[in-house]
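# Residue-level structure breakdown
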Amino acid sequence: MTRTSTSAPADQQRDAVNEPRGVVTAILWAGGWLAAVVAVAVTAISAATALKLTGVPDPGPITTYGLPTLTAIGEFAAAIALGSAVFAAFFVPPQTDHVLDVGGYRAIRIAATASLVWSVCAVLLMPLAASEVSGSPLSEAILPKNLMTAYGQVAEVRTWFWTAVFALVAAVVARIILKWGLTTIVIGFVVLSLMPSALAGHSSAGGDHDVATNSLILHIVGATLWLGGLAAVVVYALSSGKWRALAVRRFSRVAFWCILVVGASGVINALVRVPIGELFDDTYGRLVVGKIVALVVLGALGAWHRRVTIAQLESEERPSLFVRFGLVELMVFAATFGLAVGLSRTPPPLIDTSEISTTKNAIGYDLAGPPTFVRFLTDWRFDLIFGTAAIVLAVVYLRGVIRLRRRGDDWPVGRTFAFLLGCLLLLLATSSGLGRYAPAMFSVHMISHMLMSMMIPVLLILGGPVTLALRALPPAGRGNPPGPREWIQAGVHSGYSKFITHPLFASVMFVGSFYILYLGGVYEAVVQYHAAHLLMNLHFLLSGYLFYWLVIGIDPAPRNVAPPAKLGIVLGSLPFHAFFGIALMMTSAVIAESYYRGLQLPWNYDLFADQRVGGGIAWAAGEIPLVVIMLALLVQWQKSDTRQARRYDRNAERDHDSELESYNDMLRELNKRS
């Protein structure tokens, strides 16, 4: 179906959709309530034990069982929202004018409704969380005065508040958009709505909480995408969508990686809380085993029935076999979600915390001694998010290079070396001794910061990953649905990319954030939180990549900036970076002094001297990237002049140098007049 106008998209889409809406709604609500029933049943097993461990009065059955009920329904709705938004963005193609097709339009409206349900559940969970923590009845906790007090004192209340805010934004955006490219905004806010609960709970405190939190983030996002994507393709197949076979094939690839991520992260997260020898000795451990078995069954069931039913999707008008198997898988998944919610409300086995040091309780692990060059190289602690990202980026890049080589195309060795070196530095900055000591010492944190924002982005940009992807990925072809290559092209040339690559915006994000973060008091306020370190690393990496994408410009970009202008941007921005380092060295107070003293590291050092060292590192760190950038710009400038000279020579050969002859004729005419 194609469209030549977007004047009445909702009416046209509504007329084209003939699926049984009541059946779809009933299926999704049945999944949510099944998850809630399982969550309540699991919670009932350990409710008395949980109350005894917390030492607070019983808040009543409404709070005790309302919490798992609303959490299960809300998280199931979040999965439907994320899967439907991803479905609209990547599983089915848009129309030729980039407006969502019937399937994408239906999916994004389901995402809007599901996000709203998730937001409402989060709002209702705020007084329930306050009631549980205080031990007071819900009728008291729900009073505005008590709820406002609880927001300032109870972390769970703040968690659900921000969850509700992000989910509501996702619902509003999903309700008003029609363009295909805007679906990524919905995806982003739904993922953001998952983060507050992922960063709270059992994994956010105690020893090894860094590993537990990182693994839980991967686990929740992977499981949510897996369940939501399954629901989206089942609904689409139920309505006999045109691209159902394509959608299921694309979902199957995503589901494969989700299975790996969910399985590995789930095992890691469980082993942090339960020793492997005690899995069958405690209710929490037995629930973990049950969840692992359910995930294995889900993976096997999904792999088997999609292999059997994909061919049937293309041959039958109404794919009843796929829908039946898909509904069974969806219900099993809903029950597994309920089991996960019940598990999150079940107290883990008691761990003797008397021997856990203050350092380990604060950052998740102990440090053997003061930092040395040998410890930087040998004292590793793998970062599940950024360390994994470094390995995945290197593998994907090498696969692209190998694909080009097999096709007979060349790819510069220097670019491959630069990109792989950037991946190696990312691994070292987050998983080696540098990453291990960064949360404990300001100077080491600044080394890691400078690597993440200055060196690693430069090397990744010099590798030309976007150019490699555009050359290695096959084009979809005329009339075929767009694929990864077309998605990358659309992203590079989108209005959003053009906005963020404006020189002023990119420069302010790159340099201005240093002043706001360290000299504006933000770092001191958030340094104690593991989530803050994750966000800082992500910001350093992305802001640096954005800035150097603009000024180095190997890859295609929304803005064409001439080499002299790029040089001006660099020379205009990096001095502010040097001034930041000087200002840091001249600061009279120790930044985050209470945090660093509270770590009680097993060695003594001068915090003020360490901060001056960090300022010196920030001041000097811009020199090496500046040299690399200057060389890159000079090479680009020379190549640009060479291309322009060759273009002029080709034009001169074609028209017998008519431009030069015209110029000479003009000079002769002027000479005659004089």
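Check the entry above for the structure.
As the structure is a computational prediction, the values presented were derived from the model and not from experiment.

## A look at the overall build of the protein chain
Looking only at helices and strands, the protein chain features 29 helices and zero strands. Sequence separation of 24 or more characterises 78% of the internal contacts of the protein chain that already satisfy a separation of 6 or more. Here the protein chain has roughly 31,600 Å² of accessible surface; of this, 66% comes from carbon and sulfur atoms.

## Things to note about the environment of Y518
With respect to the helices, strands and loops of the structure, Y518 is situated in helix α22 (residues 503-519). Owing to a relative accessible area of 3%, Y518 belongs among the buried residues under this scheme. Sequence-wise, Y518 and L584 are 66 residues apart; in three dimensions their C-alpha atoms are separated by 8.2 Å. Setting aside its immediate chain neighbours within four residues, Y518 contacts F442, H445, M446, H449, Y523, F540, F580 and I591. Here the side chain of Y518 touches H445 through a polar contact of 2.6 Å, side chain to side chain.

## Considerations on the packing of helix α4 (residues 102-134) against helix α8 (residues 183-198)
Contact pair α4 / α8: the axes reach a minimum separation of 12 Å and the direction vectors enclose 25°. Regarding the angle of α4 to α8, the classification is roughly parallel. The handedness of the crossing between α4 and α8 is left-handed. Residues I108, S115 and W118 of α4 form the contact with α8, whose own contacting residues are T183, V186, V190, S193 and L194.

## Overview of the packing of helix α15 (residues 386-407) against helix α19 (residues 465-472)
For any two helices packed against each other, the geometry is given by the interaxial angle and the distance between the axes. Taken N-terminus to C-terminus, the directions of α15 and α19 make an angle of 45°; their axes are 9 Å apart at the nearest point. With respect to α19, the axis of α15 lies oblique. Along this stretch, α15 crosses α19, giving a crossing that reads as left-handed. The segment α15 lies against α19, with Y397, G400, V401, R403, L404 and R407 engaging P465, L468, R471 and A472. Looking at the contact of α15 with α19 residue by residue, the class counts come to six nonpolar, one polar and three charged.

## Some details on a nonpolar patch on the surface
A contiguous nonpolar surface patch, about 540 Å² in accessible area, is contributed by L116, V120, L124, L168, V172 and I176. Listing elements by their share of the nonpolar patch, those giving two or more residues are α4 and α7 (155-176). Looking at the element boundaries, L124 is found in helix α4.

## With respect to the environment of M536
Within the secondary structure, M536 is located in helix α24 (residues 530-552). Residue class for M536 comes out buried when judged on its relative accessible area of 7%. On a C-alpha basis, the gap between M536 and L517 in space is 9.1 Å, while along the polypeptide they are 19 residues apart. Every residue in contact with M536, bar those within four places of it in the chain, is listed here: H445, L517 and Y523.

## Description of the packing of aromatic side chains
All chains considered together, the criterion is met by 28 aromatic pairs. Measuring from centroid to centroid gives 4.9 Å for F90 and W487, while their planes differ by 65°, and the two rings are edge-to-face. Taken as a pair, F90 in helix α3 (residues 61-91) and W487 in helix α20 (residues 484-492) lie far apart in primary sequence, 397 residues in all. Centroid distance Y518 to Y523: 5.1 Å. Interplanar angle 40°. Geometry classified as tilted.

## Notes on the pattern of salt bridges
Counted by the stated rule, this structure contains five salt bridges. Close ionic contact of R405 with D410 constitutes a salt bridge, the shortest N to O distance being 4.0 Å. Measuring nitrogen to oxygen at the nearest pair gives 2.9 Å for the salt bridge that ties D409 to R407. By relative accessible area, which is 45% here, R407 ends up partly exposed.

## Quick notes on the nonpolar core
Within the largest apolar cluster, 168 residues are counted, with the highest numbers of intra-cluster contacts made by Y523 and Y548. Among the elements that take part in this core, α3 stands out by supplying 17 residues, more than any other. Beyond its immediate chain neighbours, meaning those up to four positions away, Y523 contacts F442, H445, L517, Y518, M536, I591, A592 and Y596. Counting residues in hydrophobic clusters, the runner-up holds eight residues, among them Y284, L287, V288 and L343.

Analysis parameters
Residues numbered from 1 in each chain as written. Predicted model: local features only at pLDDT ≥ 70, side-chain atom pairs only at ≥ 80, totals over all residues. Heavy atoms only, no water. Helix = DSSP H or I, 4+ residues; strand = E, 2+ residues; numbered from the N terminus. Contact = heavy atoms within 4.5 Å. Areas by Shrake-Rupley, 256 points an atom, 1.4 Å probe, with all protein chains shown as cover. Buried < 20%, exposed > 50% of the residue type's maximum accessible area, 1.4 Å probe, protein only. Polar contact = N/O pair within 3.5 Å; in protein donor to acceptor, adjacent residues only side chain to side chain. Axes fitted to C-alpha atoms, helices over the stretch in contact; angles between N-to-C directions. Parallel < 35°, antiparallel > 145°, perpendicular 65-115°, else oblique. Left-handed = near helix turned anticlockwise from the far one by under 90°. Nonpolar A, V, L, I, M, F, W, Y, C, P; charged D, E, K, R; others polar. Patch = residues over 30% accessible without salt bridge, like charges linked within 9 Å, V, L, I, M, F, W, Y side chains within 5 Å. Salt bridge = Lys/Arg side-chain N within 4 Å of Asp/Glu carboxyl O. Phe/Tyr/Trp six-rings, centres within 6.5 Å; stacked < 30°, edge-to-face > 60°. Core = buried A, V, L, I, M, F, W, Y, C linked by side-chain atoms within 4.5 Å.

The quantities given are spatial measurements derived from coordinates; they are silent on function.
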